[in-house]
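Observations on the three-dimensional arrangement
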Amino acid sequence: MEFEIEVIFEDKKEHLFWTNKLESTSVQLTNDLKNKMARHIPMVVTEPSGIDFDDDIDDMQNVYDAILNIYPKIKIIKEPPFENLIY
């Protein structure tokens, strides 16, 4: 597992995690994240990618950044390996 994040979603603790793809303890949470990523207009930032995040659900760093930006009530259980992240 590359990362795991606890999210308060619909008043319940759920988990989003990355093995070789995004996985979750809740289908509704996964769908909510995908929908919010799809509707998000990327903002220009100073990160190497030049944007905060986009709708690429297959990119670990993009999904990690999206979760951190979309959900206000989170707890990082396991951070992704820093050598895989570009900041």
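For the structure, see preceding data.
Residues numbered from 1 in each chain as written. Predicted model: local features only at pLDDT ≥ 70, side-chain atom pairs only at ≥ 80, totals over all residues. Heavy atoms only, no water.

What to know about the sheet that holds strand 2 (residues 12-18)
Spatially, 3-2-1-4 is the arrangement adopted by the 4 strands of the open sheet, whose pairing is antiparallel. If you trace the sheet from one side to the other, it starts and ends with strand 3 (22-24) and strand 4 (74-78), each paired once. Sheet twist, expressed as the mean angle between neighbouring strand axes with direction ignored, is 25°. One ladder, built from 7 bridges, connects strand 1 (residues 3-9) with strand 2; its direction is antiparallel. (Pairing = 2+ DSSP bridges. Helix = DSSP H or I, 4+ residues; strand = E, 2+ residues; numbered from the N terminus. Axes fitted to C-alpha atoms, helices over the stretch in contact; angles between N-to-C directions.)

Quick word on the nonpolar core
With 18 residues, the main nonpolar core has Phe3, Val7, Leu16, Leu33, Val63, Ile67 and Tyr71 as its most contacted residues. Looking at this core, the elements that each hand over two or more residues are strand 1, strand 2, helix 1 (27-39) and helix 2 (60-70). Element by element, the count of residues in this core is highest for helix 2, at 6 residues. Not counting chain neighbours up to four residues away, the residues in contact with Val63 comprise Phe3, Trp18, Leu22, Leu33, Met37, Asp56 and Ile57. (Core = buried A, V, L, I, M, F, W, Y, C linked by side-chain atoms within 4.5 Å. Buried < 20%, exposed > 50% of the residue type's maximum accessible area, 1.4 Å probe, protein only. Contact = heavy atoms within 4.5 Å.)

Side note on the pairing of strand 1
Across the 7 residues that make up strand 1, a large majority, 6, are buried. Counted between consecutive antiparallel strands, the loop separating strand 1 from strand 2 contains 2 residues, among which Glu10 sits at a positive phi close to 50°. Note: strand 1 against strand 4, 4 bridges, orientation antiparallel. What sits directly across from Glu4, in strand 4, is Lys78.

Some remarks on unusual backbone geometry
Positive phi, close to 50°, is recorded for Glu10, a residue that is not glycine. By the element assignment, Glu10 lies in the loop between strand 1 and strand 2. Backbone geometry places Asp11, a non-glycine residue, at a positive phi of 65°. As for its placement among the helices and strands, Asp11 is situated in the loop between strand 1 and strand 2. What makes Asp11 exposed here is its relative accessible area of 78%.

Some details on the side chain of Glu14
Its place among the elements puts Glu14 in strand 2. Dropping the residues within four chain positions of it, Glu14 is found in contact with Ile5, Glu6, Val7, Phe9, Thr25, Ser26 and Leu29.

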